[in-house]
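Remarks on the overall topology
One-letter residues, chain by chain:
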Amino acid sequence: MEFLDKLGIETEKESLYIKAFTHTSYANETKTTSYERLEYLGDAVLELIMSEYLYKNTEHEEGTMTKLRAHYVCENALYEYSIRLGMNEYILLGRGETESGGKFRKAIVADVFEAFLGALYLDKGLQTVKDFIYKNIIPLIEKKEIDFFSDYKSVLQELVQTDKRSLEYVVVNEEGPSHNKTFTVNVKIDNILYGTGVAHSKKEAEQEAAKDALKKAQNGE
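Attention in this report is confined to the structure presented alongside it. Starting afresh in each chain, residues are numbered from 1 along the sequence in its written order. Where totals are concerned, whole chains, interfaces and linings use all residues; where local detail is concerned, this predicted model gives features only for residues with pLDDT of at least 70, and gives and counts side-chain atom pairs only at 80 or more. With hydrogens and water excluded, all non-hydrogen atoms of the structure serve as input to the side-chain values.

1. Observations concerning a nonpolar patch on the surface
On the surface, Leu48, Tyr121, Leu122 and Leu126 cluster together into a nonpolar patch covering about 340 Å² of accessible area. The way it works is that DSSP assigns letters per residue, a run of H or I at least four long becomes a helix, a run of E at least two long becomes a strand, and they are numbered from the N terminus. Structurally, Tyr121 is set in helix α8 (residues 106-124). For patch building, the residue pool is restricted to those with more than 30% relative accessible area and no salt bridge; the joining distance is 9 Å between like charges and 5 Å between nonpolar side chains (Val, Leu, Ile, Met, Phe, Trp, Tyr). Surface accessibility follows the Shrake-Rupley procedure with a 1.4 Å probe radius. Residue values consider only the protein chains on display as shielding. By salt bridge we mean one thing: a side-chain nitrogen of Lys or Arg within 4 Å of a carboxyl oxygen of Asp or Glu.

As structure tokens, then:
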């Protein structure tokens, strides 16, 4: 299988990996088995590895680790991992699904990533899956190459509520003409400065401040 060759994976169970790339639409047309059971397994394996990573590499409380893990294994994240590895190019789809752009359908592409991990786990064991994640996925997280969050304020609010701390946004500077103002906002948690954002509206500046605070939280600062 070409994808395995790209990753340097040698196996005597190629059919297992083919199953991991087989969507239900293709399975129904060809009377084969889809990736759904492998996806179930891969989901559990990924959650374990990410849990261990956060436990060993941060000093976060349980609630914070749970929130971060949820973002690292959510559908958006899995889609990005899969696309960056080129997994979507190898998905086996039925005719209708192919014509409707299934190789870029978020749910399918994300599912295949988990199914592949399930296959790799059955073939090579947990340590090999862990090595794969640490080589291909953890760098994307640590280098901030994937934007896991969109509404930074909501994410930060959830983290703060989990730890029962106070959260406040403060406009510390406002300059420029009325049609093109620039706002600087600080975000404070328990009255301690955690992040700063600059933008052309208060709302955008608050989002940037929350984003800054979340980056520091990820780094254990």
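That shown, we press on.
2. Some details on the packing of helix α6 (residues 75-85) against α8
To obtain each axis, a line is fitted to C-alpha atoms, and for helices this fit is confined to the stretch in contact; angles are then taken between N-to-C directions over 0 to 180 degrees. At a closest axis distance of 8 Å, the pairing of α6 and α8 adopts a crossing angle of 75°. Viewed along their axes, α6 and α8 adopt a mutual orientation that is roughly perpendicular. For the pair α6 and α8, the contacting residues are Glu75, Asn76, Leu78, Tyr79, Tyr81, Ser82, Ile83 and Leu85 in the first and Lys106, Ala107, Val109, Ala110, Phe113 and Glu114 in the second. Any residue that is not Ala, Val, Leu, Ile, Met, Phe, Trp, Tyr, Cys, Pro, Asp, Glu, Lys or Arg is counted as polar, Gly included; the first ten are nonpolar and the last four charged. Across the contact of α6 with α8, the residue classes break down as 9 nonpolar, 2 polar and 3 charged. Note on angle classes: values under 35 degrees are labelled roughly parallel, values over 145 roughly antiparallel, values of 65 to 115 roughly perpendicular, and the remainder oblique. Contact definition: two residues touch when any of their heavy atoms are within 4.5 Å.

3. Points about unusual backbone geometry
Of note, Lys31 is a non-glycine position whose phi angle comes to about 60°, a positive value. Within the secondary structure layout, Lys31 lies in the loop between α3 (24-30) and α4 (36-57).

4. Some points on the packing of aromatic side chains
Pairing of aromatic side chains requires ring centres within 6.5 Å, counting the rings of Phe and Tyr and the six-membered ring of Trp. Pairs whose planes differ by under 30 degrees are stacked, by over 60 edge-to-face, and all others tilted. Under the defined criterion, the tally for this structure stands at 9 aromatic pairs. Ring geometry for Tyr53 versus Tyr134: centroids 6.0 Å apart, planes at 80°, classification edge-to-face. In this pair, Tyr53 is assigned in helix α4 and Tyr134 in helix α9 (residues 126-136), connecting sequence segments 81 residues apart. In this structure Tyr53 comes out as buried when scored by relative accessible area, which is 7%. Here Tyr134 falls in the partly exposed class, since its relative accessible area comes to 30%. Taking the centre distance of 5.3 Å and the plane angle of 55° together, the rings of Phe116 and Phe132 count as tilted. With Phe116 in helix α8 and Phe132 in helix α9, this pair connects stretches of sequence that are 16 residues apart. There is no split in this pair, since Phe116 and Phe132 are both buried. Following the ring pairs from residue to residue traces out a cluster consisting of Phe3, Tyr17, Phe21, Tyr90, Phe116 and Phe132. Here, a charge over a ring means that NZ of Lys or CZ of Arg falls within 6 Å of the ring centre while also lying within 35 degrees of the ring normal. Residue placement shows Lys106 over the ring face of Tyr79; its charged tip is 5.9 Å from the ring centre. Above the face of the Tyr169 ring, Lys153 is positioned so that its terminal group lies 4.9 Å from the ring centre. Burial classes: relative accessible area under 20% of the type maximum marks a residue as buried, over 50% as exposed, and values in between as partly exposed (1.4 Å probe, protein chains only).

5. Examining the nonpolar core
Counting residues in hydrophobic clusters, the biggest one holds 46 residues, and the most contacted among them are Met50, Tyr81, Phe113, Phe116 and Ile133. Elements that contribute at least two residues to this core include exactly α1 (2-7), α2 (14-20), α4, α5 (62-72), α6, α8, α9 and α10 (138-142). With 10 residues, α8 is the single largest residue contributor to this core. Leu156, Leu159, Ala210 and Ala213 belong to the second-largest nonpolar core, a separate cluster that totals 15 residues. Residues belong to a common nonpolar core when they are buried Ala, Val, Leu, Ile, Met, Phe, Trp, Tyr or Cys residues joined through side-chain atoms within 4.5 Å.

6. A word on the environment of Met87
Residue position: Met87 is located in the loop between α6 and α7 (95-99). We classify Met87 as buried; its relative accessible area is 0%.

7. A look at the environment of Gln207
Positionally, Gln207 belongs in helix α12 (residues 202-218). You can call Gln207 partly exposed: its relative accessible area is 22%. With 10 residues separating them in the primary sequence, Gln207 and Gly197 have C-alpha atoms 7.2 Å apart. At 3.2 Å, the side chain of Gln207 and the backbone nitrogen of Lys153 are in polar contact. In protein, a polar contact requires one atom able to donate a hydrogen and another able to accept it; more generally it is a pair of N or O atoms within 3.5 Å, and residues adjacent in sequence count only if both atoms are side-chain atoms.

8. Brief notes about the sheet that holds strand β1 (residues 167-175)
Read across the sheet, 3 strands follow the order β1-β2-β3 without closing on themselves; strand pairing throughout is antiparallel. If you trace the sheet from one side to the other, it starts and ends with β1 and β3 (192-199), each paired once. Taking the axes of each pair of neighbouring strands and ignoring which way they run, one obtains an average angle of 20° across the sheet. Pairing between strands is defined by DSSP: at least two bridges between them are needed. Judged from the 8 bridges that link them, β1 and strand β2 (residues 182-189) form a sheet pairing that is antiparallel. For Glu168, the partnering residue across the bridge sits in β2 and is Lys188.

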